[in-house]
Amino acid sequence: MTEIINNLDFHLIGIGITLFISVYASKISEKLGIPLLLIFLGLGMLLGSEGLVGIKFDNPLLAQITGIIALIFILYSGGLDTHWHDIKTSVVNGVLLATIGTLLTALVMAMFIYFVLGFSFLESLLLGSIVSSTDAAAVFMILRSQKVKLKNNIDNLLELESGSNDPMAIFLTITILQLIIMPQTDSALSWILHFFAQFILGGILGIAFGYLFPKICIHLKISQVGLYPLISIAWLFMMFGISSTLGGNGYLTIYIAGILTNKYAFPNKSNIISFHDALGWMMQIIVFLVLGLLVFPSQLPNVAIQAIFLSFVLIFVARPVSVFISLCKSRYTTKEKTYISWVGLRGAVPIILATYPYVHKLEYSATIFHIVFFMVLVSVLLQGMTLTFIAKKLDILEDSANSSH
């Protein structure tokens, strides 16, 4: 601590330079077509103990807490940027993908992990659950930065799914982890009831909070405009905390609240949304840098074969199976379902969830973390860099004439 205080000026310069480079990286991303997420992770690895700067960081618990806080802001920002009239036709399919699709992905992955890697059944389910959700930060970031506009509102469906399937993956991961650490504590029925209670309560509270916040802003009548964004932060923490304390799913609550808040007109709405957009970007930068710091690049070659194999299973088997089953009754064509399958981007959430076994000191925790990290790199490289290309090949890009209306 004394060392930090004595060199505070240098630390502040370092933080400023890192943030500046991270923000400027958006230009590099646009020119080279490299997803920003990959640049942030790479920068974190360069800053880490085995990188050029050599910052020693080996604190999975701090990384997990950072990830949880960042995810709260990222999901709320994603909700605030989502317009209800754009997604209302995709709600049913989005919910199916976020729940049944995520569960099916976890189960298919667990099967392959169990038979190929030799993990126990519960460990296989744990790893399958960790990589089961598409990542909101990655999908929002790549679709919006590449300005991809798809036919049949597919882009809205993908954003809705990625914003609402994190709660399912988090629930599955924590449930399986508790079964490993404390076996036979609860029956299967109690877990199922707990799951429905979390999601129903989380959804109801999200609707209530999303309806109340615009009303509060209307009646507050604060003369200092700059205080409205601070009120929204206070409201965000209250929403998440109250939902989680009452047994609801806090992540689902804040995402739904964000969508509903955007539906209403209220004072300083544009300022609040712009503020959370900037905050969401900063949180994405911070979480990817921290997760990049946590990884040890020298350990990645040891898990390369398993990670590449599981990445291909995830991309070409588990994700398509979950999408085609979840959307079997939908209006989407085979080409459109194929593209939805392709945009199964993994990002910060799986890496954050991979810190949970680390924190609980499971035997294979380091292996699981580095496999997941490697899988995220493969996903971002292979899928993130080909989103527009695959959309053109499948002929589902909306014409510029249509997208302008």
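About the cut-offs
Residues numbered from 1 in each chain as written. Predicted model: local features only at pLDDT ≥ 70, side-chain atom pairs only at ≥ 80, totals over all residues. Heavy atoms only, no water. Helix = DSSP H or I, 4+ residues; strand = E, 2+ residues; numbered from the N terminus. Rg over C-alpha atoms; globule rule 2.2 N^0.38 Å. Buried < 20%, exposed > 50% of the residue type's maximum accessible area, 1.4 Å probe, protein only. Contact = heavy atoms within 4.5 Å. Areas by Shrake-Rupley, 256 points an atom, 1.4 Å probe, with all protein chains shown as cover. Lys, Arg positive; Asp, Glu negative; His and termini not counted. Charge placed at Lys NZ, Arg CZ, Asp CG, Glu CD. Salt bridge = Lys/Arg side-chain N within 4 Å of Asp/Glu carboxyl O. pLDDT = per-residue confidence, 0-100. Axes fitted to C-alpha atoms, helices over the stretch in contact; angles between N-to-C directions. Parallel < 35°, antiparallel > 145°, perpendicular 65-115°, else oblique. Left-handed = near helix turned anticlockwise from the far one by under 90°. Nonpolar A, V, L, I, M, F, W, Y, C, P; charged D, E, K, R; others polar.

As for the overall build of the chain
A tally of regular secondary structure across the chain gives 21 helices and 0 strands. Relative to the 2.2 N^0.38 estimate, which gives 22 Å for 405 residues, the radius of gyration of the chain is 21 Å and therefore close to what a compact globule would have. Taken along the three principal axes of its C-alpha coordinates, the chain extends 65 × 60 × 50 Å. Burial status across the chain gives 52% buried among its 405 residues. Of the contacts made within the chain by residues no fewer than 6 positions apart, 80% connect residues no fewer than 24 positions apart. As displayed, the chain offers around 18000 Å² of accessible surface, 69% of which is attributable to carbon and sulfur atoms. Computing the positive centroid from 21 side-chain charges and the negative centroid from 20, the chain places the two 10 Å apart.

Some details on unusual backbone geometry
One non-glycine residue, Asn152, lies in the positive phi region at around 60°. As for its position among the elements, Asn152 is in the loop between helix H8 (136-145) and helix H9 (154-164). You can call Asn152 partly exposed: its relative accessible area is 29%. A positive phi angle, close to 60°, is found at Asn268, a residue other than glycine. Counting through the fold element by element, Asn268 comes out in the loop between helix H13 (250-263) and helix H14 (269-294).

Here we look at the environment of Leu246
Summarising the element assignment, Leu246 is placed in the loop between helix H12 (227-245) and H13. On the basis of relative accessibility, which here comes to 54%, the residue Leu246 falls in the exposed class. Counting along the chain gives 48 residues from Leu246 to Gln198, while the straight-line C-alpha distance between them is 8.9 Å. Not counting residues up to four positions away in its chain, the partners in contact with Leu246 are Leu201 and Leu205.

A few points about the pattern of salt bridges
Inspection of every chain in the model, using the stated rule, returns 2 salt bridges. In this structure, Asp395 engages Lys151 in a salt bridge whose closest nitrogen and oxygen atoms are separated by 3.9 Å. Placement of Asp395 in the loop between helix H20 (387-393) and helix H21 (400-403) and of Lys151 in the loop between H8 and H9 is noted, with a sequence separation of 244 residues between them. Across the pair Glu161 and Arg319 runs a salt bridge whose closest N-O atoms are separated by 2.7 Å. With Glu161 in helix H9 and Arg319 in helix H15 (residues 300-326), the pair connects residues that are 158 residues apart, well separated along the chain. With respect to burial, Glu161 and Arg319 carry one shared label: buried.

Structural notes on helix H16 (residues 334-342)
When we look at burial in H16, the residues that qualify are Glu336, Lys337, Tyr339, Ile340, Ser341 and Trp342. Structurally, H16 contributes buried residues whose contacts are with helix H6 (91-116), H9, H15, helix H19 (365-382) and H20.

Considerations on the confidence of the model for the chain
Per-residue pLDDT for the chain averages 86, and the proportion of residues at 70 or more is 91%. With pLDDT under 50 throughout, residues 400-405 is counted as low confidence; its partners more than four residues away or in other chains account for 2 contacts.

Here's the deal with the packing of H6 against helix H7 (residues 121-130)
The interhelical angle for the contact between H6 and H7, taken along N-to-C directions, is 135°, at an axis separation of 8 Å. The orientation of H6 with respect to H7, classified from their angle, is oblique. Of the two elements, H6 crosses H7, and the hand of that crossing is right-handed. Contact with H6, carried on its side by Ala106, Leu107, Met109, Ala110, Ile113 and Tyr114, involves Phe121, Ser124, Leu125, Leu127, Gly128 and Ser129 of H7 and no other residues of that element. Split by residue class, the contact of H6 with H7 holds 9 nonpolar, 3 polar and no charged.

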